[in-house]
Amino acid sequence: MDDNKPRIAVLISGAGSNLQALIDATKAGILKAEIALVVSSKGKAYGLERAAAEDIETMVFKNKKYPSPEEAGRDLVAKLRERRIDYIALAGFLSLLPVAVVRAFRNHIVNIHPALLPKYGGKGMYGRHVHEAVLASGDKESGPSVHLVDEIYDNGKVLEQAKVPVRSDDTPDTLAARVLEQEHKLYPRVMQKLINGEYALD
Ligand code: GRF
């Protein structure tokens, strides 16, 4: 444990390639922070294996296991506080983050979304659905957005975006891969800038 560095919890549900990018960035010194905890909404997620391989503490958190959303929120906030978490990075976390967590960590929670918000955001807009919608629209560009998390899905202030071309022969998979490559560069950079206090927050 490094006592001087800000401590980040990364919340995942799946592959965890953004988690890996954040871990790699801490090792490379691009992100001067410690990935102190990985929380998964699913018991089986490849991201949990990535965390274990790096000796990072992991936790499975399922909203539905609690009698109410309020209790789920209280418990998660307590667990994050116990581990002295300073920032939360949502990275493919498919569960609704309890409001108590949003309130306890306001301006310290970010999410990465695989499209140029405010387009293609909101409920149901995740994974393949996003890229299918972009292709159907005829838009000529797409790319990831990193935004602050508030009480509404994909609604918080956009901190940064990266743009990639949409090609005429793209499939959802080829477009997703092009966007994901940018996500891995963008997310660590934005986290460091957030830690540095480089964004005007609400
Ligand atoms: C990414 O496309 C991210 O934008 C979205 O979920 C996906 C997570 O991928 N929120 P991974 O688990 O980081 O590989």
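In this text, all values refer to a predicted model and were calculated from it rather than measured experimentally.

Parameters at a glance
- Residues numbered from 1 in each chain as written.
- Predicted model: local features only at pLDDT ≥ 70, side-chain atom pairs only at ≥ 80, totals over all residues.
- Heavy atoms only, no water.
- Near = heavy atom within 4 Å.
- Polar contact = N/O pair within 3.5 Å; in protein donor to acceptor, adjacent residues only side chain to side chain.
- Helix = DSSP H or I, 4+ residues; strand = E, 2+ residues; numbered from the N terminus.
- Nonpolar A, V, L, I, M, F, W, Y, C, P; charged D, E, K, R; others polar.
- Axes fitted to C-alpha atoms, helices over the stretch in contact; angles between N-to-C directions.
- Parallel < 35°, antiparallel > 145°, perpendicular 65-115°, else oblique.
- Contact = heavy atoms within 4.5 Å.
- Buried < 20%, exposed > 50% of the residue type's maximum accessible area, 1.4 Å probe, protein only.
- Pairing = 2+ DSSP bridges.
- Right-handed = clockwise from strand over helix to strand, strands pointing away.
- Patch = residues over 30% accessible without salt bridge, like charges linked within 9 Å, V, L, I, M, F, W, Y side chains within 5 Å.
- Areas by Shrake-Rupley, 256 points an atom, 1.4 Å probe, with all protein chains shown as cover.
- Salt bridge = Lys/Arg side-chain N within 4 Å of Asp/Glu carboxyl O.

Draft legend 1. Focus on the site of the ligand. Neighbouring residues of the ligand: Ala15, Gly16, Ser17, Asn18, Gly92, Ile112, His113, Pro114 and Glu183. Glu183 places a side-chain nitrogen or oxygen 2.8 Å from an oxygen atom of the ligand. For the shell around the ligand, the elements supplying multiple residues, two or more each, are helix H1 (17-28) and strand S5 (109-113). Classifying every residue of the shell around the ligand gives 3 nonpolar, 5 polar and 1 charged.

Draft legend 2. Region of the structure containing the packing of helix H5 (residues 128-137) against helix H6 (residues 172-196). Contact geometry for H5 and H6: axes closest at 9 Å, N-to-C directions at 110 degrees. Overall, the two elements H5 and H6 adopt an arrangement that is roughly perpendicular. Here Arg128, His131, Glu132, Val134 and Leu135 of H5 lie close against H6, whose contacting residues are Pro172, Asp173, Leu175, Ala176 and Val179. Along the lines of polarity and charge, the residues of the contact of H5 with H6 split into 6 nonpolar, 1 polar and 3 charged.

Draft legend 3. Spotlight on the pairing of strand S4 (residues 87-90). Residues of S4 alternate between two faces, with Tyr87 and Ala89 on one and Ile88 and Leu90 on the opposite face, all of them buried. Where S4 lies against S5, 3 bridges are found, and the strand directions are parallel. Bridged to Ile88 within S5 is Ile109. Taken together, S4, helix H4 (residues 99-104) and S5 constitute a β-α-β crossover, and its handedness is right-handed.

Draft legend 4. Examining a nonpolar patch on the surface more closely. A cluster of nonpolar side chains, namely Leu96, Ile152 and Tyr153, defines an oily patch on the protein surface of about 300 Å² accessible area. Tracing the sequence through the fold places Leu96 in the loop between S4 and H4.

Draft legend 5. Unusual backbone geometry, seen in detail. The peptide bond linking Leu117 to Pro118 adopts the cis configuration, its omega dihedral lying at 10 degrees. With respect to the secondary-structure elements, Pro118 resides in the loop between S5 and H5. Of note, Arg84 is a non-glycine position whose phi angle comes to about 55 degrees, a positive value. Within the fold, Arg84 resides in the loop between helix H3 (69-82) and S4.

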